[in-house]
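Summary of structural features
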There are 2 protein chains.
Amino acid sequence: MKTIIREVKEQGKLIGLVPTMGCLHQGHLSLLEAAREECDFTVMSIFVNPIQFGHGEDYEESPRDLERDSRLAGAYGCDVIFSPPVKEMYPPGYSTFVHVEGLTAGLCGASRPGHFRGVTTVVTKLFNLVRPGRAYFGQKDAQQALVLKKMAGDLNMNLEIVILPVVREEDGLAMSSRNSYLSPEQRKQAAVIYKSLQAAEKMILSGVIDSEEIKRAVEAVISGADLARIDYVEIVETGELQPLSVLEGQCLIAVAVKFGATRLIDNIIVEV
Amino acid sequence: MKTIIREVKEQGKLIGLVPTMGCLHQGHLSLLEAAREECDFTVMSIFVNPIQFGHGEDYEESPRDLERDSRLAGAYGCDVIFSPPVKEMYPPGYSTFVHVEGLTAGLCGASRPGHFRGVTTVVTKLFNLVRPGRAYFGQKDAQQALVLKKMAGDLNMNLEIVILPVVREEDGLAMSSRNSYLSPEQRKQAAVIYKSLQAAEKMILSGVIDSEEIKRAVEAVISGADLARIDYVEIVETGELQPLSVLEGQCLIAVAVKFGATRLIDNIIVEV
């Protein structure tokens, strides 16, 4: 990988990186398309990063089908797939971590301690290995997007973090590799997640700005699905991710919902 | 800085970086000489990094004479001095930190909690800003040297960390900007630090391998100076910096000694 990157850099090419954990879906492929359009050389990393999973999370079960993923990425014009072994990324004695404070405290950071430290660490490593001028991430992971932008800015990284919109199934469910874990009945009910966000958007557009009122409505919609268990429903501003009691400016409405052991997240941003 | 670096990189030049906190002495200048010899373009950063100083440490009093330092560095062939304002390096809301675990727990890390996190964070920022192919540090800060090498390896940074030998005054005292804080009597007595290390080396060469015995001898030499207060005397292996009870292989003998409020460190490596 280093040799390829050195050669590409010597040619003065702009490298686009799409970091993934594999099990590619249309969300990933939309990132790849943008990278291909905007950059001279496109790298997709496929690496299921053990250090961003907590105890009892789905690390071992993370889907891995490198052959299918490579074929798909190739069809979308990806130049190189970078899929390093775990023991090369984290050899015995590995001990360096990159951590963004503050932004990582709430939302998914509260439910998944250590998760974002794992994300920022592996992304830093990937950035150093691939040296992209642009790196592409999805808005579905809204908090991750903000955390990575903060990291890149704070550490003076030489690149642009590009965030692209959520890609959805026909019934509105945000694309995620985790959707494949759902039973048919869970999958059907999971459409409630985006419906709850649409309900919130509708309320806000009709003039409601009381955060608790909107959150109660979101929770009511989700609770209509009897297999759904709410992890969190939060309304925060998009700078520091601080909770809002009254909506103002750019507001992120973010939810995490469990169906059985499968935890799904989604969000919308509404301008008030 | 970014513009200069972009141009230099486009010319395919190898950049050498010498990170300092200013108040240059022969130790720094020996790093600069090596950088100039080995690289095409030499940058010295002069930045007194607030986040590596603890409460009650000498941050405010850190010596600053940019004019003198620039003149000296220029005379030694430095191409650019990079001396950013604190508020540009750490704007309000700054919240990203790089941390090396394990290696930073003992020695100076134990005496100065948070110190190495400050060092690894600022060095990462400087590396991203200057994008050196080689970065130069002194062996006087033995633990820092190992921590930075570990960080660069773990995070797949694209550069080589070069460590150069301690430069000493005539009486053996390791060069340090802190030496200027010493009163004439303290300065005179501070020579005892290196003498204690030489005594240890002599014992080891004569066959002593019991760590406690050597440490007692080192402490005895230092205690001969009535103004000296020992912070630590440690004998560790040079990989993980774990304490040795019996010397074997490459051994780092590291000491920290206070004269009044001034904390001085020094070390030698002995092969057993």
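The rules behind the values
Residues numbered from 1 in each chain as written. Chains lettered and ligands numbered in written order. Predicted model: local features only at pLDDT ≥ 70, side-chain atom pairs only at ≥ 80, totals over all residues. Heavy atoms only, no water. Helix = DSSP H or I, 4+ residues; strand = E, 2+ residues; numbered from the N terminus. Rg over C-alpha atoms; globule rule 2.2 N^0.38 Å. Contact = heavy atoms within 4.5 Å. Areas by Shrake-Rupley, 256 points an atom, 1.4 Å probe, with all protein chains shown as cover. Lys, Arg positive; Asp, Glu negative; His and termini not counted. Charge placed at Lys NZ, Arg CZ, Asp CG, Glu CD. Salt bridge = Lys/Arg side-chain N within 4 Å of Asp/Glu carboxyl O. Buried < 20%, exposed > 50% of the residue type's maximum accessible area, 1.4 Å probe, protein only. Core = buried A, V, L, I, M, F, W, Y, C linked by side-chain atoms within 4.5 Å.

Remarks on the overall build of chain A
For chain A, the count of helices and strands is 10 helices and nine strands. A compact globule built from 272 residues would reach a C-alpha radius of gyration of about 19 Å, and chain A, at 19 Å, matches this within 12%. Counting only C-alpha atoms and orienting by the principal axes, one finds that chain A spans roughly 55 × 40 × 40 Å. Restricting the contact set of chain A to residue pairs at least 6 apart, pairs at least 24 apart contribute 70%. By element, 50% of the accessible surface of chain A is carried by carbon and sulfur atoms, the whole surface being about 12000 Å². Positive and negative charge centroids in chain A, built from 28 and 36 side chains respectively, lie 5 Å apart.

Quick notes on the pattern of salt bridges
According to the stated counting rule, one finds 22 salt bridges over all chains in the structure shown. Two residues, Asp69 of chain A and Arg68 of chain A, come together in a salt bridge whose shortest N-O distance is 3.0 Å. Asp69 of chain A gets classed as buried once you look at its relative accessible area, which sits at 1%. Here Asp266 of chain B makes a salt bridge to Arg168 of chain B, at a shortest N to O gap of 2.7 Å. Of this pair, Asp266 of chain B sits in strand β9 (residues 262-271) while Arg168 of chain B sits in the loop between β6 (160-164) and α8 (184-189), placing them 98 residues apart in sequence. For Asp266 of chain B, a relative accessible area of 3% translates into the label buried. Residue classification places Arg168 of chain B among the partly exposed residues on the basis of a relative accessible area of 21%.

Things to note about the nonpolar core
Ranked by size, the top nonpolar core spans 88 residues in total, and within it Val43, Phe127 and Met151 of chain A together with Val43, Phe127 and Met151 of chain B carry the most contacts. In this view, Val43 of chain A contacts Met1, Ile5, Ile15, Gly16, Leu17, Val18, Cys78, Val80, Phe82 and Val130 of chain A; residues no more than four positions away in its chain are not counted.

By themselves these figures say nothing about function.
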